[in-house]
Amino acid sequence: MTTDPGSGSALRLSGITKRFGAFTANDRIDLDIAWGEVHALLGENGAGKTTLMRIVTGLYQPDEGTMSLDGTPVSFRRPEQALRAGIGMVHQHFTLVPTLTELENLAMAPAGVPWRNGRAAARRRAAEVEAATGLRIAPDRLVSDASVGERQRLEIVKLLCRGARLLIFDEPSAALSPGEWDELAKLMRRLAAEGHAVVLISHKLSEVFAVADRWTVLRGGAVAGTGDIAGSTPEQLVTLMVGESLAPRRERAPAAPGEPALVVRELNVERHPDGPQALEDVDLDVRAGEIVGIAGVAGSGQAELVETVLGIRPALSGSVELAGRRLERRTPAGFYAAGGALIPEDRHHVAVIGGMTLGENINLRALRQAPLARRGRIDLRAARQRAVRLAAEYEVRATGESQPMARLSGGNQQKAVLARELSTEPLLVIAVQPVRGLDVRATEFVYRRLTEHRDRGGAVLLISMDLDEVIALSDRIAVLAHGRIRGVLDAGEATRARIGALMTSSEVTA
Amino acid sequence: MKALAVRVLTQLGVAAATLLFAALLLLAIGVSPGEAASAFWSGTFGSPTNAGTTLTQAVPLFLVALGWIIADKAGRMHVGFPGQVVIGGCAAAAVGLQCDGVPTVVAIVACALAGIAGGALWAGIVAWLWASRGVLEIISSLLLNLVAVQMLAWLVRGPLQGSLDQQPQSANFPASALWPAVESVPGRTLSYDVILLPILAAGLIWLFSRTVFGFELRASGGNLDAARWSGINPVRAGVSAIVISGGFAGLAGAALLFAGSAPWLSEGFEAGIGFNGIAVALLARNSPVGAILTAIVFSSLNVGGTSLQALLDVPSSLTSVLQGAVIVLVLVAAMLLRRRRAARPAVPVTPASTGKELVSSAKEA
């Protein structure tokens, strides 16, 4: 995997600087991307990757420095100009209209004359792209019916149709299942082989080492290093990203499981009235003092399991016991009162309230009961003190507890959620993809907190699509596929191969 | 400090623009702006009598504004205030008409409670449709306004009609039911209900910041799903907010009748208070204290318009034009302020901690 010597320089940035007020987001960045290579751009949250890519795609204009494409200097005032020059970005959040078909989404390009019907041209361009790259779309399917992977593919086709030659992927795997990621990795290699340039922004070193030819690490807004993947080690890149070597993951004390914390018996949950069930006869035990991981590809019933235990979703049959007490009429309030806590997957929609302050978000549950509230009245001073203390303890970086939650970065929001959920000394923590989108340091922090919780005798149910995460953290691993628990493995015997085999096994073996 | 200065300057600019606009309008219809200004001043605050009228008329506007604020904080944007004012007023009138000979204190409390109950019940229909059937509160409340107006038309021609003549209005309320006014103000135009302005504003601020109930309202309004996932019952919060909001509007209806200049129930008694109250809240940007000021501004436009008409023969529709101009100009100012804020990212305290914030706030934008 070395750079093709025949390919020329595609995009060259030299001395790019971007300041916001007194803060320098990009500091004299030099970057060289060649045609035919996959170039990984790495860095912690806030290292300046997003700002740099916004400059490249014309959303921001640099304060200093120059850009050249194919050797000719360019400067983009608007995103359309960058796209016309052949630079396109696949965003984390797709820019598709769900109520239109895939073809109509393709046809939505800016047209020369407004009344021209772009469908025929779009169909022709899509066919050309398919011939060149093998990327096939379903032209007449509504985008809302497409899976996340299919939407991402459409997004890529859209950029290729508009003539993008340099494609930037912003954490493309965040929404994908492992299988979809493998497809995408292959596609990136194919695009590079055809002479496109691909920039991959990612937190996951395993992905970078699987597809990239070269890497550049940003730290604190400046380039910390650049080089070929061949001849580099993950440890080297991590060191560059965080600027110091993180302590290696501790050898963990063996689990000392105690009383059962969560007991799920024969849980059946409906997905659609006349489709396969979301969960079928699910039995699950999580004991105090252990971490139980749920491995499975996205859509195997994880979301339904969480929502049913929490009490948002009704079950057809089955029982849920928390701390030895059967939850009869399940409600979120009852779940929390029984000693549960939840770090949800979808932070923006169900975990934080962007318009309220950091302190109010940290105290979202504690504020409504003693000691912070008595007879319906809130002790504001105690609430502030608690928020400040927890924000410091959980390393939430903010200007103060009264900063609006929406102003915090994703990693800091997640730490605030962690502070809220772990500070109540819960018996059981359900953590769903707890490190999604976090940088290396924040990830390590979350893992440490969850492990500490387990060592203190708490129970953790870890639900993740990332197999490595499940294997690294769990004491026992339950494999969930198509709504059924296919087997439960001890940490010692769990390997990727065994878990994979259980995922694909068609009959229940547990 | 600088931000505050910018805000004050912008607001002064809005005021200046409004005055300029008013002056041009007056010139266009051939009235001297100077004379109009003095007529406006004497009509609104020039004498204790007129100042009393202005302040008293601000109360119903303010009550409706509070109703909007509480519902909006809970994320429930209903526009049923005209209907709730009307039904609250009808309920209060029905009770008030029976209060002849009842001790004043009892009569006042009974009328106020009847108004609150009427408005809350009417809003309760909206809340029930939303909670049980998922009917959008903005639509059901808008349609129920029409029902309320027809109900009032029937009541003043039927059960509540005064016996003396065939006018579509009720008999005069007994003196014991009327809300007391400050005796030292000539004409007794200043009703004691103006003390509701500071008391309720403070009460609402306390409710939002210091009570679990207020916190749950704000959480439900901020992110309904997140509230539900953290154990709050957002349906209960939303229903409570709509019902309380209707209670405020109903009280406004009672205040219009028992503290106003016309002590009887008539078809047009609502006089646009329901929708103007929303404008009052919007201009105050949902601040209860700000709503006191904007309510007084709105009522002075009403009262001053009347005196312009009386003294200088300026058409009363001009007042409505001015009110509209104020709303548009204030919205423009708010937009300018917001754009200014967006263009200039918050300056971080320490570079290390804010790199993330800058990026993420840019992401949000």
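In this text the structure is predicted, and so the values were computed from the model without any measurement.

Conventions used here
Residues numbered from 1 in each chain as written. Chains lettered and ligands numbered in written order. Predicted model: local features only at pLDDT ≥ 70, side-chain atom pairs only at ≥ 80, totals over all residues. Heavy atoms only, no water. Helix = DSSP H or I, 4+ residues; strand = E, 2+ residues; numbered from the N terminus. Rg over C-alpha atoms; globule rule 2.2 N^0.38 Å. Buried < 20%, exposed > 50% of the residue type's maximum accessible area, 1.4 Å probe, protein only. Contact = heavy atoms within 4.5 Å. Areas by Shrake-Rupley, 256 points an atom, 1.4 Å probe, with all protein chains shown as cover. Lys, Arg positive; Asp, Glu negative; His and termini not counted. Charge placed at Lys NZ, Arg CZ, Asp CG, Glu CD. Core = buried A, V, L, I, M, F, W, Y, C linked by side-chain atoms within 4.5 Å. Axes fitted to C-alpha atoms, helices over the stretch in contact; angles between N-to-C directions. Parallel < 35°, antiparallel > 145°, perpendicular 65-115°, else oblique. Nonpolar A, V, L, I, M, F, W, Y, C, P; charged D, E, K, R; others polar. Pairing = 2+ DSSP bridges. Left-handed = near helix turned anticlockwise from the far one by under 90°. UniProt positions renumbered as here; feature names shortened; annotations may be inferred. Phe/Tyr/Trp six-rings, centres within 6.5 Å; stacked < 30°, edge-to-face > 60°. Lys NZ or Arg CZ within 6 Å of the ring centre and 35° of its normal. pLDDT = per-residue confidence, 0-100. Patch = residues over 30% accessible without salt bridge, like charges linked within 9 Å, V, L, I, M, F, W, Y side chains within 5 Å. Salt bridge = Lys/Arg side-chain N within 4 Å of Asp/Glu carboxyl O.

*Asks:* Would you mind going over the overall build of chain B with me for this structure?
*Replies:* Helix and strand counts for chain B stand at 14 helices and zero strands. In terms of overall dimensions, chain B is globule-like: its C-alpha atoms have a radius of gyration of 22 Å, near the 21 Å expected for 365 residues. Viewed in the frame of its principal axes, chain B has a C-alpha envelope of about 80 × 55 × 35 Å. Within chain B, the proportion of its 365 residues that are buried is 49%. Put simply, of all contacts in chain B between residues at least 6 apart along the chain, 76% involve residues at least 24 apart. Carbon together with sulfur atoms contributes 69% to the accessible area of chain B, which is approximately 16600 Å² in total.

*Asks:* Even after reading the chapter, I still don't get the overall build of chain A, so can you show me in this structure?
*Replies:* Scanning chain A for helices and strands turns up 17 helices and 22 strands. Nonlocal contacts in chain A, meaning residues at least 24 apart in sequence, comprise 67% of its contacts between residues at least 6 apart. Only carbon and sulfur atoms are counted for the fraction: they give 50% of the accessible area of chain A, which is about 22000 Å². Of note, chain A has its 63 positive side-chain charges centred 6 Å away from the centre of its 63 negative side-chain charges.

*Asks:* Sorry, what's going on with the nonpolar core here?
*Replies:* One broad rule of soluble globular proteins: the nonpolar side chains tend to lie buried together. With 77 residues, the main nonpolar core has B:Phe62, B:Ile69, B:Trp179, B:Leu204, B:Phe258, B:Leu265 and B:Phe269 as its most contacted residues. Those elements that provide at least two residues to this core are α3 (48-73), α4 (81-97), α5 (104-133), α6 (137-157), α7 (196-210), α10 (234-258), α11 (273-283) and α12 (288-312) of chain B. The leading source of residues in this core is α10(B), at twelve residues. If near-sequence neighbours (up to four positions away) are discounted, B:Leu265 is found in contact with B:Gly89, B:Cys90, B:Ala93, B:Leu152, B:Val156, B:Leu160, B:Gln169, B:Ser170, B:Phe173 and B:Leu257. Within the second largest apolar cluster, 44 residues are counted, among which are A:Cys161, A:Leu200, A:Val238 and A:Met241.

*Asks:* Just to check I follow, could you spell out the packing of helix α4 (residues 119-133) of chain A against helix α5 (residues 148-161) of chain A for this structure?
*Replies:* A packed helix pair is summarised by two numbers, namely the angle formed by the two axes and the spacing between the axes. Residues and elements named next belong to chain A. Packing of α4 against α5 leaves a shortest axis separation of 9 Å and a crossing angle of 105 degrees. Our classification of the angle between α4 and α5 gives roughly perpendicular. On α5, the residues touching Arg 125, Ala 126, Val 129 and Thr 133 of α4 are Val 157, Leu 160 and Cys 161. Here the contact of α4 with α5 is built from residues that sort into five nonpolar, one polar and one charged.

*Asks:* Even after reading the chapter, I still don't get the side chain of B:Gln84, so can you show me in this structure?
*Replies:* Inspection of the secondary structure assignment puts B:Gln84 in helix α4. Apart from residues lying up to four places away in sequence, B:Gln84 is in contact with B:His78, B:Gly119, B:Trp122, B:Ala123, B:Ser245, B:Gly246, B:Ala249 and B:Gly250.

*Asks:* Whenever I open this one, the sheet that holds strand β11 (residues 260-269) of chain A confuses me. Can you help?
*Replies:* Backbone hydrogen bonds hold the strands of a sheet together, and the pairing may be parallel or antiparallel. Residues and elements named next belong to chain A. A sheet is described by the order of its strands in space; here four strands give the open sequence β12-β11-β14-β15, paired in antiparallel fashion. A strand with exactly one partner marks an edge of an open sheet, and here the two such strands are β12 (279-287) and β15 (325-326). Where β11 and β12 come together, six bridges link them in antiparallel fashion. Residue Leu 262 lies in a different strand from β12, and its bridge partner there is Val 286. Of the strands in this sheet, β11, β12 and β14 (317-322) touch helix α9 (residues 302-310), which is tilted by about 115 degrees from β11.

*Asks:* Hey, could you run me through the sheet that holds strand β5 (residues 72-74) of chain A in this one?
*Replies:* Residues and elements named next belong to chain A. In spatial order, the strands read β2-β1-β4-β5; together these four strands make up an open sheet with antiparallel pairing. The sheet is open, and its two edges are formed by β2 (23-34) and β5, each paired on a single side. Between one strand and the next, the sheet's axes are offset by a mean angle of 25 degrees, whatever the strand orientation. Two elements, strand β1 (residues 9-20) and β2, share eight bridges in a ladder whose sense is antiparallel. When the sheet's bridge partners are listed, Ile 16 is paired in β2 with Ile 29.

*Asks:* So what exactly am I meant to see when it comes to the packing of α5(B) against α6(B) here?
*Replies:* Residue and element names in this part refer to chain B. Axis separation between α5 and α6 bottoms out at 10 Å; the angle between their running directions is 150 degrees. Between α5 and α6, the angle falls in the class roughly antiparallel. For the pair α5 and α6, the crossing hand works out as right-handed. The segment α5 lies against α6, with Trp 122, Ile 125, Val 126, Leu 129 and Trp 130 engaging Glu 137, Ser 140, Ser 141, Leu 144, Val 147, Ala 148 and Met 151. Looking at the contact of α5 with α6 residue by residue, the class counts come to nine nonpolar, two polar and one charged.

*Asks:* When you look at the UniProt feature "transmembrane region" (unreviewed entry) in chain B in this model, what are you seeing that I'm missing?
*Replies:* Residues and elements named next belong to chain B. The UniProt record marks residues 52-71, 78-98, 104-131, 138-156, 190-208, 237-258 and 318-337 with the feature "transmembrane region" (unreviewed entry), using the residue numbering of this structure. A helix fraction of 68% and a strand fraction of 0% characterise residues 190-208, whose end C-alpha atoms lie 30 Å from each other. Overall, residues 237-258 shows 100% helix and 0% strand. The separation of its end C-alpha atoms is 31 Å.

*Asks:* Teacher, can you tell me more about the pairing of strand β3 (residues 38-42) of chain A here?
*Replies:* Each regular strand shows side chains that alternate between the opposite faces of the sheet. All names here are of chain A. Of all five residues making up β3, five are buried, and the element is well covered by its neighbours. Side chains of β3 alternate between two faces, with Val 38, Ala 40 and Leu 42 and His 39 and Leu 41 buried alike. Alignment of β3 against strand β8 (residues 197-201), held across four bridges, turns out to be parallel. What sits directly across from Ala 40, in β8, is Leu 200.

*Asks:* Looking at this structure, I do not really get the packing of aromatic side chains. What am I missing?
*Replies:* Remark: the centre distance and the inter-plane angle together describe each pair of aromatic rings, the angle taken between the planes. Across all of its chains, the model carries six aromatic pairs over all chains by this definition. A ring pair is formed by A:Tyr394 and A:Phe445, whose centres lie 6.3 Å apart and whose planes are at 80 degrees; its orientation type is edge-to-face. Here A:Tyr394 is found in the loop between α13 (380-393) and α14 (410-422), whereas its partner A:Phe445 is found in helix α15 (residues 440-455), with 51 residues between them in sequence. Connected via pairs of aromatic rings, a cluster forms that spans B:Phe173, B:Trp179 and B:Phe258. Here the guanidinium or amino end of A:Arg449 rests over the ring plane of A:Tyr394, the centre of that ring lying 4.2 Å away. Looking at B:Lys73, its charged tip hangs above the ring of B:Phe208, at a distance of 5.4 Å from the centre.

*Asks:* Honestly, the environment of A:Glu395 in this entry has me stumped. Any pointers?
*Replies:* All names here are of chain A. Tracing the chain through its elements places Glu 395 in the loop between α13 and α14. Given a relative accessible area of 39%, Glu 395 falls into the partly exposed group. The spatial distance from the C-alpha of Glu 395 to the C-alpha of Val 264 is 34 Å, given a sequence separation of 131 residues. Not counting residues within four places of it along the chain, the set of residues in contact with Glu 395 comprises Asn 412, Lys 415, Phe 445 and Arg 448.

*Asks:* Sorry, what's going on with the confidence of the model for chain A here?
*Replies:* Keep in mind that low pLDDT regions are not for reading the predicted coordinates in detail. Residues and elements named next belong to chain A. Here chain A shows a mean pLDDT of 84. Residues at 70 or above account for 92%. Counted against residues more than four places away or in other chains, residues 245-250, with its pLDDT under 50, gives seven contacts. Every residue in residues 506-510 is under pLDDT 50, and counting partners more than four places away or in other chains gives ten contacts.

*Asks:* Can you walk me through a nonpolar patch on the surface in this structure?
*Replies:* Residues and elements named next belong to chain B. On the surface, a cluster of nonpolar side chains totalling about 740 Å² of accessible area is made up of Met 77, Leu 136, Ile 138, Ile 139, Leu 142, Leu 143, Leu 146 and Phe 275. Counting residues per element, the nonpolar patch draws most heavily on α6, which supplies five residues. Residue placement: Leu 142 occurs in helix α6.

*Asks:* I'm lost on unusual backbone geometry in this one. Help?
*Replies:* The phi angle of most residues is negative, glycine excepted, and most peptide bonds adopt the trans form. Within the chain, A:Glu425 stands out as a residue other than glycine whose phi angle is a positive 50 degrees. Looking at the secondary structure, you find A:Glu425 in the loop between α14 and β19 (428-432). The exposure class assigned to A:Glu425 is exposed, which follows from its relative accessible area of 57%. Phi at B:Arg188 takes a positive value of approximately 50 degrees, unusual for a residue other than glycine. Looking at the element boundaries, B:Arg188 is found in the loop between α6 and α7. Judged by relative accessible area, which is 47%, B:Arg188 ranks as partly exposed.

*Asks:* Got a minute to help me understand the pattern of salt bridges in this structure?
*Replies:* Residues and elements named next belong to chain A. Summed over the entire model, instances satisfying the criterion amount to 31 salt bridges over all chains. Here Glu 128 ties to Arg 125 by a salt bridge, and the two come within 2.5 Å at their closest N and O atoms. With Glu 128 and Arg 125 both in helix α4, this residue pair falls three residues apart, about one helical turn. When salt bridges with common partners are traced through the structure, they connect Glu 102, Arg 141 and Glu 150 into a single cluster.

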